[in-house]
Amino acid sequence: MTTTFTHINTQGEANMVDVSMKQDTIRIAKAEALVSMRKETLERILSGNHHKGDVFATARIAGIQAAKKTWELIPLCHPLLLTKVEVQLQALPDTHQVRIESVCKLTGKTGVEMEALTAASVAALTIYDMCKAVQKDMVIEYVRLLHKSGGKSGDFNVE
C-alpha cells in the first residue's frame, strides 16, 4: 500500500489539509513519555519537599494546556475543540522514572494524535524544568503514540 503525505500539495509545498468534507467521528489518542532521573531526584519529587512545589500537579496542568495549544505550536495542525484531555503521572521507583500518559478526545473531522503527543511531551519538559536545579542530566525518552481510534484510517495500537 502506497501512502502519500497529506500536508504536501501538488507543487510540493507544505499546506494545511482540508478536512471540511470528512465525517465527524469520535477521535481518541493516547500517548506516553518517560523521564529518567536519579533515585534522589525522584524521592524529592515524591516526598513533597521539592522547593518549586508539587511537580506532578504542575506537569499535569502544563500537559493539559499544551494539548489545547497544539495548533499554535505545530504549524499545520488544525485548532480543535477537545472534549477531554487527561494527563496521568506515575512514579516508577524501581527504574527511577516518571511515566506520563495522556489521553485526548473529541468528536470531529481530524485526529488528536498530535495533541496527545504534545501533552505528554510538555508534561515531561515541565518535570525537567522543575527539577533541573537538582539534576541536569535527566533524560526524556519514549515519547510515542500508544493508541488512536476514529476516522477513516481506523485504529492503531502499540503492540
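Predicted model, so just to flag it, every value in this text is computed and none were measured. (Residues numbered from 1 in each chain as written. Predicted model: local features only at pLDDT ≥ 70, side-chain atom pairs only at ≥ 80, totals over all residues. Heavy atoms only, no water.)

Enquirer: Describe in detail helix α1 (residues 39–47), supporting the description with residues and values.
Expert: Listed in full, the buried residues belonging to α1 are Thr41, Leu42 and Ile45. In a view along the axis of α1, the buried residues occupy a sector of 95°, so they form one face of it. In the stretch just after α1, glycine 48 is the one whose phi turns positive, near 80°. (Buried < 20%, exposed > 50% of the residue type's maximum accessible area, 1.4 Å probe, protein only. Helix = DSSP H or I, 4+ residues; strand = E, 2+ residues; numbered from the N terminus. Arc of directions from axis to C-beta.)

Enquirer: Tell me about the packing of helix α2 (residues 55–68) against helix α4 (residues 113–131), and please be specific about residues and values.
Expert: Interaxial distance between α2 and α4 falls to 7 Å at its minimum, and their mutual angle equals 145°. The way α2 lies across α4 gives a crossing that is right-handed. On α4, the residues touching Val55, Thr58, Ala59, Ala62, Gly63, Ala66 and Ala67 of α2 are Glu115, Thr118, Ala119, Val122, Ala123, Thr126, Ile127, Met130 and Cys131. Its residues placed into classes, the contact of α2 with α4 shows 11 nonpolar, 4 polar and 1 charged. (Axes fitted to C-alpha atoms, helices over the stretch in contact; angles between N-to-C directions. Left-handed = near helix turned anticlockwise from the far one by under 90°. Contact = heavy atoms within 4.5 Å. Nonpolar A, V, L, I, M, F, W, Y, C, P; charged D, E, K, R; others polar.)

Enquirer: Kindly report on the pairing of strand β2 (residues 84–92), identifying the contributing residues and their values.
Expert: Inspection of the sheet shows β2 paired to strand β3 (residues 97–108) by 9 bridges, in the antiparallel sense. Pairing of glutamine 88 across the sheet is with glutamate 101, part of β3. Counting the residues that bridge the hairpin from β2 to β3 gives 4 residues, and of these histidine 96 lies at a positive phi of roughly 60°. (Pairing = 2+ DSSP bridges.)

Enquirer: So what's going on with the pairing of strand β4 (residues 139–149)? Which residues, and what values?
Expert: Consecutive side chains of a regular strand alternate in pointing toward one face of the sheet and then the other. Bridge count between strand β1 (residues 25–36) and β4: 8 bridges; the pairing is antiparallel. Along β4, the bridge assignment pairs lysine 30 with histidine 147. In this sheet, strand β5 (residues 156–157) lies alongside β4 in antiparallel orientation, the contact comprising 2 bridges. For histidine 147, the partnering residue across the bridge sits in β5 and is asparagine 157.

Enquirer: Explain the nonpolar core residue by residue, including any values.
Expert: Counting residues in hydrophobic clusters, the biggest one holds 30 residues, and the most contacted among them are Met37, Leu89, Val98, Ile100 and Ile127. Looking at this core, the elements with two or more residues in it are β1, α1, α2, β2, β3 and α4. It is α4 that contributes the most residues to this core, 9 residues altogether. Sequence-distant contacts of methionine 37, that is, excluding residues within four places in its chain, are made with Leu42, Ile45, His96, Val98, Ile127, Gln135 and Met138. (Core = buried A, V, L, I, M, F, W, Y, C linked by side-chain atoms within 4.5 Å.)

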